[in-house]
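Chains, contacts and geometry: an overview
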Amino acid sequence: VILYQCIRESRDFFSVMITQHLIVNLILILTVAWFMGRVFARFGLPVVLGELLAGLILGPPLLGIVTASEPIELLAEFGIFFLMFHAGLEMDPKEAVEHIWPSIAVALGGFILPFALGFFTCKIFGGTVFQSLFVGMGLSITAIAVQARILHDMQIQNTSIGHIIIGAAIVDDILALVTLSILLSLAESGTIQVVEISFIVLKVAGFFAFTILFGHFVIPRFIRRLDDREGKTFTFALISALAVGYFAELAGLHLIIGAFLAGQFVRKEIIDRGFYQKINDRFYSLSYGFMAPIFFVSLSFHLQLKWEWPVIIFTLAITLIAIMGKLIGCGVGAFIYGHKFWGSAIIGCGMNGRGAVEMVVAAVVIKLSDQLMASQTIAEPLLTKDQFSALICMAFITTIIAPLTLKWTVKKYCTCDENAQFYSLWEKSKKV
């Protein structure tokens with residue numbers, strides 16, 4: 001009887017989730033994303049731009065044929081999950097550790113400067129202290145999944161610059177978590193809850209301690225005993241990614257950080273080259289071939305356009321500040337650790353995409369703002385609707401600009417003789 005009930009419930013669940021409407025939407029998303037991606041690749045531009053444009057065409061900003069829904073959002077979440085695990089598989093963990101200090105310097109510069117510039121810009125446009133703080137917070141974010149996709153498209157993810165960008169994006173995500181918690185605490189109670197913030201820091205430290213122990217003691221004991229019959233190595237890799245992702249969520253971080261770190265440890269422990277290639281190919285197909293395009297297409301669904309001059313001017317102002325803040329802040333951090341002008345410029349441009357992380361943070365702030373306004377705890381919203389629209393537009397624009405500016409700076413960087421290896425990777429990406 002219990003088995004029958006489980007089968008019936010699962011059948012009812014899938015009948016709700018997998019509908020004809022969903023199948024048609026997926027066909028449209030994948031077809032248009034594939035076509036637009038090929039068009040952009042033909043002109044030497046990153047495929048991700050084609051996928052973002054596909055979302056603009058199909059989604060609410062233009063035709064409105066496809067809209068965001070729970071199944072599509074779920075597939076999009078899995079898309080960045082698999083994409084980040086694959087990024088972890090591809091990148092050498094030893095190289096990542098070697099570049100940890102430059103990554104921290106880049107993250108700090110790319111977080112503090114945009115935050116400060118965003119705060120003062122919002123104040124100039126008449127924002128309250130809290131509104132200015134949350135706008136500054138929005139400008140300081142870097143979307144790690146967007147950066148991983150761009151680096152992969154350009155075949156430079158395994159260079160020292162690629163490792164610094166990904167490492168800095170992870171540090172940036174942690175800084176964003178702690179800062180957001182402080183600001184939300186201030187908004188709710190008017191004071192910084194030291195105990196609560198300390199608990200968040202301890203959770204993050206505990207997560208990394210757990211991940212290191214899991215990677216060093218659990219993964220090696222299993223993965224070296226596995227063969228590839230019935231895809232068991234792939235299954236174990238997937239379980240590892242889900243487990244570390246789950247603990248990342250418990251620590252208040254995004255599950256994609258856990259997926260990336262799990263990929264790093266799985267790669268380190270796979271000795272057999274054949275096993276590694278099979279796992280790599282399967283996760284590549286799941287992410288870049290199926291779910292990642294859904295994620296990038298769905299990003300465009302959230303774009304909100306308001307054709308009012310005050311909103312347009314404010315959007316342009318914070319977008320310019322966001323771009324320059326990341327470029328200068330991250331570039332200075334890279335320059336301090338020995339990277340020359342064009343190398344620092346690549347890192348600054350590579351850190352400029354925001355994407356989904358920006359939208360999630362803005363949505364959290366708006367939700368809390370509505371609750372506090374309803375309870376009359378605050379008199380002014382934490383973010384106005386116009387500021388929210390401007391932040392979403394800024395996130396979308398910087399996500400589009402990041403691969404374009406990155407391509408341009410890479411070309412400049414490759415003109416130097418000492419960067420011959422980097423140039424060969426860049427040429428390889430144009431043939432893919």
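See the structure shown above.
Summary of the structure given here. (Residues numbered from 1 in each chain as written. Predicted model: local features only at pLDDT ≥ 70, side-chain atom pairs only at ≥ 80, totals over all residues. Heavy atoms only, no water.)

Here the focus is the overall build of the chain. Helices and strands together make up the secondary structure of the chain, namely 18 helices and 0 strands. In the chain, which comprises 432 residues, the proportion classed as buried is 53%. Residue pairs at least 24 apart in sequence account for 79% of intrachain contacts in the chain once pairs closer than 6 positions are excluded. (Helix = DSSP H or I, 4+ residues; strand = E, 2+ residues; numbered from the N terminus. Buried < 20%, exposed > 50% of the residue type's maximum accessible area, 1.4 Å probe, protein only. Contact = heavy atoms within 4.5 Å.)

Looking now at a nonpolar patch on the surface. Taken together, Ile100, Trp101, Leu320, Met324, Ile328, Val332, Ile336 and Tyr337 make up a surface patch of nonpolar side chains, about 810 Å² in accessible area. At the level of elements, α6 (100-124) and α14 (309-336) are the ones that each hand at least two residues to the nonpolar patch. Broken down by element, the nonpolar patch gets its largest block of residues, 5 residues, from α14. The exposed category is assigned to Ile336, whose relative accessible area is 62%. (Patch = residues over 30% accessible without salt bridge, like charges linked within 9 Å, V, L, I, M, F, W, Y side chains within 5 Å. Areas by Shrake-Rupley, 256 points an atom, 1.4 Å probe, with all protein chains shown as cover. Salt bridge = Lys/Arg side-chain N within 4 Å of Asp/Glu carboxyl O.)

Right, let's talk about the nonpolar core for a bit. Grouped together as the largest cluster of nonpolar side chains are 99 residues, with contacts concentrated most on Met84, Phe85 and Ile347. Among the elements that line this core, the one with the most residues is helix α13 (residues 273-301), at 12 residues. Among all residues touching Met84, those that are not within four sequence positions of it are Ile144, Ala145, Ala148, Ile256, Ala259 and Phe260. Listed in part, the 28 residues of the second largest apolar core include Leu180, Ala187, Ile318 and Ala390. (Core = buried A, V, L, I, M, F, W, Y, C linked by side-chain atoms within 4.5 Å.)

The next point concerns the environment of Leu113. Residue placement: Leu113 occurs in helix α6. With relative accessibility at 28%, the residue Leu113 sits in the partly exposed group. Sequence separation between Leu113 and Gly136 is 23 residues; the distance between their C-alpha atoms is 9.2 Å. Beyond its immediate chain neighbours, meaning those up to four positions away, Leu113 contacts Gly325, Ile328 and Gly329.

Moving on: the state of the cysteines. Working definition: the covalent bond between the sulfur atoms of two cysteines is a disulfide. Applying the stated criterion across every chain, the model contains 0 disulfides. Just so you know, Cys330 is unpaired, no disulfide at all, and the nearest cysteine sulfur is the one on Cys349, 9.8 Å from it. Classification of Cys330 as buried rests on a relative accessible area of 0%. (Disulfide = S-S within 2.5 Å.)

Here we take up the side chain of Ser287. Examined against the element boundaries, Ser287 turns out to sit in helix α13. For Ser287, a relative accessible area of 0% corresponds to the buried category. When sequence neighbours within four positions are dropped, the list of residues in contact with Ser287 reads Gly79, Phe82, Leu83, His86, Ala292 and Pro293.

Let us look at the pattern of salt bridges. In this structure the tally under the stated criterion is 2 salt bridges. Note that Glu51 and Arg149 form a salt bridge whose closest N and O atoms lie 3.1 Å from each other. With Glu51 in helix α3 (residues 47-58) and Arg149 in helix α8 (residues 144-153), this residue pair connects regions lying 98 residues apart in the sequence. The same class applies to Glu51 as to Arg149, namely buried. Here Lys326 makes a salt bridge to Asp172, at a shortest N to O gap of 3.0 Å. One end of the pair, Lys326, is in helix α14; the other, Asp172, is in helix α9 (residues 160-189), and 154 residues separate them in sequence. Here Lys326 matches Asp172 in class, with each residue buried.

Burial runs high along helix α15 (residues 341-350): 8 of the 10 residues are buried. Taken together, the buried positions of α15 are occupied by Gly343, Ser344, Ala345, Ile346, Ile347, Gly348, Cys349 and Gly350.

A word on the packing of aromatic side chains. Summed over the entire model, instances satisfying the criterion amount to 17 aromatic pairs. Centroid distance Phe78 to Phe82: 6.0 Å. Interplanar angle 25°. Geometry classified as stacked. Of this pair, Phe78 and Phe82 both sit in helix α4 (residues 70-90), 4 residues apart, roughly one helical turn. Judged by centre distance (4.9 Å) and plane angle (70°), the ring pair of Phe295 and Phe296 falls under edge-to-face. Of the residues examined, Phe296 reaches a relative accessible area of 0% and is grouped as buried. (Phe/Tyr/Trp six-rings, centres within 6.5 Å; stacked < 30°, edge-to-face > 60°.)

A word on the environment of Trp408. When you line up the elements, Trp408 lands in helix α17 (residues 385-413). Residues Trp408 and Ile346, spaced 62 residues apart in sequence, show a C-alpha to C-alpha distance of 8.7 Å.

Glancing now at the side chain of Thr319. When you line up the elements, Thr319 lands in helix α14. Residues contacting Thr319, with those up to four places away along its chain left out, are Met394, Ile397 and Thr398.

Our next topic: helix α2 (residues 20-42). Taking 1.5 Å per residue as the helical rise, α2 with its 23 residues ought to reach 33 Å, and the 33 Å between its terminal C-alpha atoms agrees with that figure. Every buried residue of α2 is accounted for by Leu22, Asn25, Leu26, Ile29, Ala33, Met36, Gly37 and Phe40. (Expected span 1.5 Å × (residues − 1).)

Across the interface, α14 lies against α17 with an axial gap of 9 Å and an inter-helix angle of 45°. By the criterion of interaxial angle, the relationship of α14 to α17 is oblique. With respect to the hand of their crossing, α14 and α17 are arranged in right-handed fashion. For the pair formed by α14 and α17, the contact residues are Val311, Phe314, Thr315, Ile318, Thr319, Ala322 and Ile323 on the first element and Asp386, Gln387, Ala390, Leu391, Cys393, Met394, Ile397, Thr398 and Ile401 on the second. Per-class residue counts for the contact of α14 with α17 are 11 nonpolar, 4 polar and 1 charged. (Axes fitted to C-alpha atoms, helices over the stretch in contact; angles between N-to-C directions. Parallel < 35°, antiparallel > 145°, perpendicular 65-115°, else oblique. Left-handed = near helix turned anticlockwise from the far one by under 90°. Nonpolar A, V, L, I, M, F, W, Y, C, P; charged D, E, K, R; others polar.)

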